[in-house]
Amino acid sequence: MTETTTADALTSPQAIRSWLVDRVAYYLERTPAEIDEGADLAEMGLDSVYALTLCGDVEDRFGLVVEPTMAWDHPTIDAITAHLAAELTA
């Protein structure tokens with residue numbers, strides 16, 4: 001697998017979504033199967049501390065600088081996935 005192919009595999013919408021589900025499940029102390037990708041993160045219990053932590057994790061994982069309000073501006077895993085996928089292909 002080439003470096004580009006590896007990077008594409010890590011930044012595909014499916015890979016981003018899966019990674020986000022895992023991170024949110026970890027923060028909320030749930031299993032990934034319990035995470036609804038279309039549910040509002042705040043309503044699921046993600047507080048501001050974890051929302052900021054998620055921003056830092058996104059920056060570390062994908063090399064993007066994101067606004068600290070990312071989880072509020074894009075309040076579901078599906079919305080964050082679409083946002084990150086667009087940023088990574090820009």
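Nothing here was measured: the structure is a model prediction, and the numbers come from that model.

Peer 1: What is the right way to read the nonpolar core from this model?
Peer 2: Grouped burial of nonpolar side chains is what soluble globular proteins tend to show. Ranked by size, the top nonpolar core spans 26 residues in total, and within it Leu20, Ile35, Leu41, Val58, Met70 and Leu84 carry the most contacts. Breaking this core down by element, the ones donating at least two residues are α2 (13-28), α3 (41-44), α4 (48-62), α5 (70-73) and α6 (77-89). Of the residues forming this core, the biggest block, eight residues, is contributed by α2. Residues in contact with Leu84, not counting those within four places in the same chain, are Ile16, Leu20, Val58, Phe62, Leu64, Val66 and Met70.

Peer 1: Is there a simple way to think about the confidence of the model for the protein in this case?
Peer 2: Here the protein averages 91 in pLDDT, and 90% of its residues register 70 or above. The element-level mean pLDDT for the protein is lowest in helix α1 (residues 3-11), coming to 61, with α2 highest at 97. Considering only residues more than four positions removed or in separate chains, one finds that residues 1-5, a stretch of pLDDT under 50, has one contact.

Basis of the calculations
- Residues numbered from 1 in each chain as written.
- Predicted model: local features only at pLDDT ≥ 70, side-chain atom pairs only at ≥ 80, totals over all residues.
- Heavy atoms only, no water.
- Core = buried A, V, L, I, M, F, W, Y, C linked by side-chain atoms within 4.5 Å.
- Buried < 20%, exposed > 50% of the residue type's maximum accessible area, 1.4 Å probe, protein only.
- Helix = DSSP H or I, 4+ residues; strand = E, 2+ residues; numbered from the N terminus.
- Contact = heavy atoms within 4.5 Å.
- pLDDT = per-residue confidence, 0-100.

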